[in-house]
Protein chains: 4
Amino acid sequence: MKVSIIGTTGYGGVELLRILHQHPTFKIQSIHSTKDEIPIWEEYPHLYRLFDKKLEPIDAEQIANQSDIVFLATPSGISGQLASEFVNKNIKVIDLSGDLRLPAKDYETWYKQEPVHESLKSQAAYGLPEWNRETIKNSNLIANPGCFPTASLLSLAPVVMSDLIDPASIIIDAKSGVSGAGKSLSRNTSLSEANENFKVYKVNEHQHTPEIEQQLLQWNSDVQPVTFTTHLLPITRGIMTTTYVRLKEEHSTSQLLELYREIYHQQPFIRIRPENTFPSIKEVAGSNYCDIGLHADSRTGRLTIISVIDNLMKGAAGQAVQNANIMSGLEETTGLDFVPMFP
Amino acid sequence: MKVSIIGTTGYGGVELLRILHQHPTFKIQSIHSTKDEIPIWEEYPHLYRLFDKKLEPIDAEQIANQSDIVFLATPSGISGQLASEFVNKNIKVIDLSGDLRLPAKDYETWYKQEPVHESLKSQAAYGLPEWNRETIKNSNLIANPGCFPTASLLSLAPVVMSDLIDPASIIIDAKSGVSGAGKSLSRNTSLSEANENFKVYKVNEHQHTPEIEQQLLQWNSDVQPVTFTTHLLPITRGIMTTTYVRLKEEHSTSQLLELYREIYHQQPFIRIRPENTFPSIKEVAGSNYCDIGLHADSRTGRLTIISVIDNLMKGAAGQAVQNANIMSGLEETTGLDFVPMFP
Amino acid sequence: MKVSIIGTTGYGGVELLRILHQHPTFKIQSIHSTKDEIPIWEEYPHLYRLFDKKLEPIDAEQIANQSDIVFLATPSGISGQLASEFVNKNIKVIDLSGDLRLPAKDYETWYKQEPVHESLKSQAAYGLPEWNRETIKNSNLIANPGCFPTASLLSLAPVVMSDLIDPASIIIDAKSGVSGAGKSLSRNTSLSEANENFKVYKVNEHQHTPEIEQQLLQWNSDVQPVTFTTHLLPITRGIMTTTYVRLKEEHSTSQLLELYREIYHQQPFIRIRPENTFPSIKEVAGSNYCDIGLHADSRTGRLTIISVIDNLMKGAAGQAVQNANIMSGLEETTGLDFVPMFP
Amino acid sequence: MKVSIIGTTGYGGVELLRILHQHPTFKIQSIHSTKDEIPIWEEYPHLYRLFDKKLEPIDAEQIANQSDIVFLATPSGISGQLASEFVNKNIKVIDLSGDLRLPAKDYETWYKQEPVHESLKSQAAYGLPEWNRETIKNSNLIANPGCFPTASLLSLAPVVMSDLIDPASIIIDAKSGVSGAGKSLSRNTSLSEANENFKVYKVNEHQHTPEIEQQLLQWNSDVQPVTFTTHLLPITRGIMTTTYVRLKEEHSTSQLLELYREIYHQQPFIRIRPENTFPSIKEVAGSNYCDIGLHADSRTGRLTIISVIDNLMKGAAGQAVQNANIMSGLEETTGLDFVPMFP
C-alpha cells in the first residue's frame, strides 16, 4: 500500500517517516513540503542514507494518482483545504491538524481561523481508535486527535461513561514537552530559556479544550466545561495529564483500577498500571503506549488520574498510523511495536 | 552576629553558605556535619578558596557558646532533638526540617516518625514572614516552612482569608525540581532516568499536606482537606504550584489581581504578575522571590493560581535567612537581594 | 535461535531487551540477574505488559542447556568467569564487559582487577565487525568492544591503516552521556549535579586507553601512546569523539572523505557525512549507526575527525546483536534497522 | 559613577544588569536598545519590580552626557561604530563584541565584516585583566575578550610564557553552553534539537581563533597556528576548554601546578585546583571565576589543561565589570563576589 506524507519537515512528519520506514505493509511513495526540493536528510541529517527521497511540491493531483493513503502533517488552516481535494478523489486521508475535529463555531472561537466547510467536516471520523474503531474502519477521512485530548480522553473515558463522577468537577493539569510546539522557533522553547525552567501557557484558553469537552459530552451529556491548563516541560517528547475529578460515591483505588482494566482490556496500546504505581513520561517515549495510573483519595473524595503518552507517537504520528492500519484492514498494531526507549 | 550551620553538606546547608557569604551582618562562625572533618570545598569544590572552614562535629554545647543563631539544615527526625538543646541555651534557632511544623498526631501520621515534645513544638513560630512576621520577631525558635507549603500558602492566602472560594474545592498540582529530594541518591533523580522524563510521586500522601491544611484552617476554618499532588521536574531548582479553586461568586481576573496586589503590597519578596502573564520557574531561580499569576475563568467558575519559587531559596535557605533577619531586628531583605539568574 | 541475557537489569541488559524484542530470529529464552526473582517490569516499568518474563538466578548449567547464545551484560570482573563456563559448554557467548579485551598485564594495570586466564582470552574475537568480521564469524566467544574504543577506532582506522598520519600525534577528546556509567548511582550522574554541568573524568587514565592502542597497533605498528580524555555530558545516551591527528602530508578534506567513503562503503552502520557537515549525537540516538565527519586544516596540518554513536547501541547492545547476527550466519543488520529517534 | 548599557536585551546585556544591580559604586543610568521603548521587565520578566527602567533608543550624544562608563553589549559590526562616538567624547567604553580585538586584516578574514578604523583599534586595550591590568587601568577603551579566548588564554599563559611547550602543538577542544550563541533563535539551540544532543560547530573556522593566536604570540613568538574546535553543550551557561600541548621536557603534574599557582597567586578570579582534581562547569556558574586543573602524562609527554568559566560572566559581563572596576580605580572584585550557584 502506497502512502504519501504532506508536511514532512515538521516533527509530526519526520516521526511518520521513522514509523513508516519499518512498516511491513505501507510503503512511502512520496514526501511533500513547501520547502525546497532537497533530500529530506539535508533538513534532517539523522535520515542520511536511510531515506534518499527528495521533498516534492504539494501537487494534489499527482499525489492522488500515486497514493492509497495520504497523511496530512500540515498546520491547522492548511490541512482542511488539502483534505478536501483528496477526499474528492477517493483517497484515504489522515489529518493530524485540528481542522477537522471541531464544529465550525468552536473552531472559529478557539483556533481563530476560518473553519472548513461543514460537508467536509461531517465526513471526518474522530480517530481515537479505542473508542471509535468501527467508525474509523469505515471512513476515508480521519481527524487524528490532538495530543492533549488523546491523553485526557483516555484518562477520563471509563469514569465519565460509567457516570461515577461529578460532571462539573473535571480539572486537567497537562504538561507537555516542547516538541508539541513543533519546529517553529521561539524563546519559550530555546534551550537557554527552557532548560531548568517550567512554564505555564494558555491558561484556560488552549484550543484543545473544546475537543476534549465535545468527546466527553458524547459519552455523558451532563459533563460541564472542564478546566484545562497546559505547561511546558524542559523535555523534547512526552505529555502527562494529571486529572482531578470528584467521585459521586466512594470507590476504592482498586475498584477503579479494576474498572479501567476491564474497559481497556482489549486495547493493545493502553497499559493500566498496578495499584500504587504511576507511569512517567520516559516510560512511553518512542512508543505508541498510553499508560494510566490512578488514586482515589477518601480524605477528599477525589480521584486523581495520571496518563502519559509520547506526544509525537500516540499524540500524533503513532496514532495516525494506528488509524491507517484500521482503515486498511490491517492488524491495528502493525509497524507500531516500538519498545519505549529507556533510559 | 555569629551564625552556625548544622547539616552543612546537604543542599539546604550549602545554599545557606551561598547566601550568608554575602550577608553584611551575619558572620559564619562554624559549619557542622556528621561527615568527616574536611574543608567544605572537598565536598563542594565550587567553594574552593571561598570558604576555608572545616566541617566540625555537632557539639551543641560548643556551638551554643559561640553562636547567636543556629541554622538546622538537618533532616526531619534529627532537627527536633538538636533544636531542643539550643532553645534551652537561649540560642536563636531556625529549623529547616519538618519537625516543628505539625502537631504530634499529624507528624506521626504523615512523617511516620516520633514527634518532638509538645513543649518544644509550642515554642516554635511558623516562619512564613508574609503572614507571621510579628510572631517570628518575638520568637527564638522558628519552624521554617516546607517548600511546597510556602508556594501553596502564598498562592491561596488572599482568597482563603477573604472567603472568596468554595472551601472544599482546593486542588494543588505541584511540580518540583530534583534538588527538593536533597543530595541522597536515587534512580528517580539520576540524570539517566530523570532527564527527558517527568514523574508524579506521593499522590495524596505527601507529608506537606497537613502543613498546608493547618495554616489554611487558621485563615479560614471552613477549609476542607485539600488535594495535593507532587511531580518531579527534570530540573535542579524550582517549584511551581498550579492551584485550582472554585469561586463562590464570579470575579474577574483583574479584580482578583487587585486583591492580591493590595494584600501583598508591602511584601518585598512577593511579585504579583500583570494580567495575562504568568511566572515561570527560571524567573525566580537563585532569588528569594515568590512570583504569582492568576486567571479566573468565567466558563467554569474556577480560579487558577500559579506560583513559583526557588525551592532552595524561598523554599528553604532564603526564607530561613529572611526569618533570621526578622528575629535579629534587621531589615528583612538584608543579604537577600539576589537578582534571579536568567538565562 | 534461543538467547539468554545475564546482567539484565543494567542499562546494557535492558537495551538488549529493546532490540531483541523486535528481532525476527533470536528469541529471548530467559533473563538473569543477581536481583530478586521479580518480573523485569517491576525494575523497568516501561516494559510492563511487553515482557512478562521473570528475572532468574544465574545458573550456568541450566542457561547452557536452553540457550544457543548468551549475552553477558555483567560488569568487568564477573563476565570473565561466566564466559568460561559457557564456552566450555560450546555455547556462543558475547561479553559486553572489558574482561576479554586486553592482555592480562594491561588488564591488571588499567582495570586494577584479576585478569581472566590467558586460554580463555585467546579464544575471544574482538567484536568490531567492520574490521574483524571474518574472525567473528568463526568464533564462539566475542569480546564486545568498549563504547569509546568503538567510536575512536572507527574514526581512526582509515588514516592509521593508510599510514597518512604522524603516529605519535593521536589525541582523542571523548564526551559521553551518563548512561555510560551504568545504573549505579553517584553525585556525578545525579540530575542536580550533572544537569547544566559538564565534567572531565579519568584524565589520561581511562581503562579504554589500552584497548584503543592495542587495535591501532595491529593496524599500524608505529602508533605511539594516545592521549585520551573522557568527559561527562549532561545527557543520557551518546558519545562523541573529537580526534586530532597530524597529517604526514597535506591532504584536502575531500580527499580524506573519499578515502573514508571507499573504505566504509560496504559497512551498513557507518555513515560518512558530506563535506562541511558533521554528525551530532542525537542524529544516531537509538540506532546502531556510527556517523563520521572530518576536516583537514591546511593552517595547522592537522585533521579533526568527529564520530558519534549511541553508547548503548553501537557502543554496547547494538554491536553485541550485530556480532550475534554474524556468528549465527544472519544478515548483519537483522533486527537492527532502528531509525534514530529525532527529535 | 554612572554607567549606561547599550544592547541591553541580549544575554550579555541582561547579565550586566544582574551584576550592576548589586554593584556598590556603579549606578545604572540608562539602558538602551534598538527595541521598543518598553520596560526591560516586559522583555525579561525575571526583572519585574527589580528594574523599572525603560529601554531607550541609542542616542550617543545623550548617553555621553549622562554617563561615565558605557558598556557596549551590541553585536560585532555595530559596536565599533558606537565605540568611536563615545571615545571621541572621552567616555570610558567597554566593548563586549569582537570589533576591537583584531587587526583589520584578521577581522575581515574571520568575521567577514568591515573592520573599524585602525586609529580606533589602536586605542583599545585588550581587557584580560590577569595579564593586562596596567594597560587597562590607563585606557578609556577596552576590547573585552571573547569567551573562548578568555578560557583558552588563562589556561595556556603559564606554559606558553615559560616556554615549556612545543609551540606547534597547541590544540584547544572547547565546549560551550548555548547562551554563547546569544538570544537569536536557531534549530541548533532549540530545546527539541539541543537537549540530549551534543554538536560540533565551526571546525577550524571559529572567529575566536586569531584572537587566541594573537595573544599567545605576544607571550611567545614561536607559537604556531592552533587547532581550535568548538562544540555546543546542551546547557545554558558555561565553557570548558580541554587543551592539549606537548611538553618540551618532562614535568610532573605537581611541578606544573606549582608554576600555575605561583603565576596566578594574586589573581582573585583564578582558582588552580589541587592535583588529581579538575573543575566542572557548574562549579563556576553565576560567578566570575576561571578554574583550572591540569595533568601531565608521562606516557605521551603531553599536558592536558582543563579550564572552565561562566561564558556570561568571566566570558562576557563579569569580565567587563572587572575591567570597569580597574579603569575606575576600584578594587577589582567590587560587586563581583558571586558565589557559584550550586547545585
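Residues numbered from 1 in each chain as written. Chains lettered and ligands numbered in written order. Predicted model: local features only at pLDDT ≥ 70, side-chain atom pairs only at ≥ 80, totals over all residues. Heavy atoms only, no water.

## Regarding the pairing of strand S2 (residues 27-32) of chain B
Residue and element names in this part refer to chain B.
Piece 1. The sheet contact formed by strand S1 (residues 2-6) and S2 spans five bridges and is parallel. Of the residues in S2, the one forming a bridge with Ile 5 is Ile 31.
Piece 2. For the handedness criterion, the β-α-β arrangement of S1, helix H1 (residues 11-20) and S2 is classed as right-handed.
Piece 3. Two elements, S2 and strand S3 (residues 55-56), share two bridges in a ladder whose sense is parallel. Residue Ile 31 lies in a different strand from S3, and its bridge partner there is Leu 55. (Pairing = 2+ DSSP bridges. Helix = DSSP H or I, 4+ residues; strand = E, 2+ residues; numbered from the N terminus. Right-handed = clockwise from strand over helix to strand, strands pointing away.)

## Comments concerning the relation of the copies chain B and chain A
The second copy of the chain is related to the first by a rotation about an axis and a shift along the axis.
Piece 1. Superposing chain B onto chain A takes a rotation of 180° plus a shift of 0.0 Å along the axis, which leaves an RMSD of 0.0 Å. Classification of the inter-copy transformation places it as that of a two-fold axis.
Piece 2. The fraction of interface residues of chain B whose copies in chain A are also interface residues reaches 100%, indicating that both copies meet through the same surface. (Least-squares fit on C-alpha atoms with pLDDT ≥ 70 in both. Contact = heavy atoms within 4.5 Å.)

## Overview of the confidence of the model for chain A
Piece 1. For chain A, per-residue confidence averages 97 on the pLDDT scale, and residues scoring 70 or more make up 100% of the total.
Piece 2. Across the interface, the model reports ipTM at 0.98; the global pTM reads 0.98. (pLDDT = per-residue confidence, 0-100.)

## A word on the nonpolar core
Piece 1. Core analysis: the largest hydrophobic core is formed by 206 residues, its most contacted members being Phe71(A), Phe71(B), Phe71(C) and Phe71(D).
Piece 2. With residues near it in sequence (within four places) discarded, Phe71(B) still touches Val3(B), Ser4(B), Ile5(B), Ile6(B), Leu16(B), Leu20(B), Ile94(B), Ala320(B), Val321(B) and Ala324(B). (Core = buried A, V, L, I, M, F, W, Y, C linked by side-chain atoms within 4.5 Å. Buried < 20%, exposed > 50% of the residue type's maximum accessible area, 1.4 Å probe, protein only.)

## As for the side chain of Glu43(C)
Piece 1. Assignment of secondary structure puts Glu43(C) in helix H2 (residues 40-43).
Piece 2. Reaching out from Glu43(C), the side chain makes a polar contact with the side chain of Lys35(C) at a distance of 3.1 Å.
Piece 3. In this structure Glu43(C) touches Arg187(B), Thr9(C), Lys35(C), Ile38(C) and Lys183(C), once residues within four positions along its chain are discounted. (Polar contact = N/O pair within 3.5 Å; in protein donor to acceptor, adjacent residues only side chain to side chain.)

## Side note on the packing of aromatic side chains
Piece 1. If you walk through the whole model with that rule in mind, you get 34 aromatic pairs over all chains.
Piece 2. The interplanar angle of 50° and the centroid separation of 6.4 Å between the aromatic rings of Tyr260(C) and Tyr264(C) together place this pair among those described as tilted. This pair shows no difference in class: Tyr260(C) is buried, exactly as Tyr264(C) is.
Piece 3. Chaining the aromatic ring pairs together yields one cluster made of Trp131(A), Trp219(A), Tyr260(A) and Tyr264(A).
Piece 4. Just above the ring of Tyr289(B) sits the side chain of Arg271(B); from NZ or CZ to the centre is 4.0 Å. (Phe/Tyr/Trp six-rings, centres within 6.5 Å; stacked < 30°, edge-to-face > 60°. Lys NZ or Arg CZ within 6 Å of the ring centre and 35° of its normal.)

## Considering the interface of chain B and chain A
Piece 1. Between chain B and chain A, the contact holds 49 residues from the first and 49 residues from the second.
Piece 2. Summed over both sides, the interface between chain B and chain A buries roughly 4000 Å², with carbon and sulfur atoms accounting for 55% of that surface.
Piece 3. It is Glu196(B), Phe198(B) and Arg299(B) that lose the most area in chain B upon contact with chain A, and together they represent 17% of the buried surface on that side.
Piece 4. Put simply, chain B and chain A have four salt bridges between them.
Piece 5. One salt bridge connects Glu213(A) with Arg299(B), and the closest N-O pair in it is separated by 2.4 Å.
Piece 6. For the pair chain B and chain A, the number of links is 36 residue pairs in polar contact (both at pLDDT 80 or more). (Buried area = accessible area lost by both parts, 1.4 Å probe. Salt bridge = Lys/Arg side-chain N within 4 Å of Asp/Glu carboxyl O.)

## Quick word on the UniProt feature "active site" (unreviewed entry) in chain A
Residue and element names in this part refer to chain A.
Piece 1. The feature "active site" (unreviewed entry), as given by UniProt, occupies Cys 147 in the numbering adopted here.
Piece 2. Mapped onto the fold, Cys 147 is located in helix H8 (residues 147-161).
Piece 3. If we skip the residues at most four places from it in the chain, Cys 147 touches His 208, Ile 239, Ile 309, Asn 311 and Gly 315. (UniProt positions renumbered as here; feature names shortened; annotations may be inferred.)

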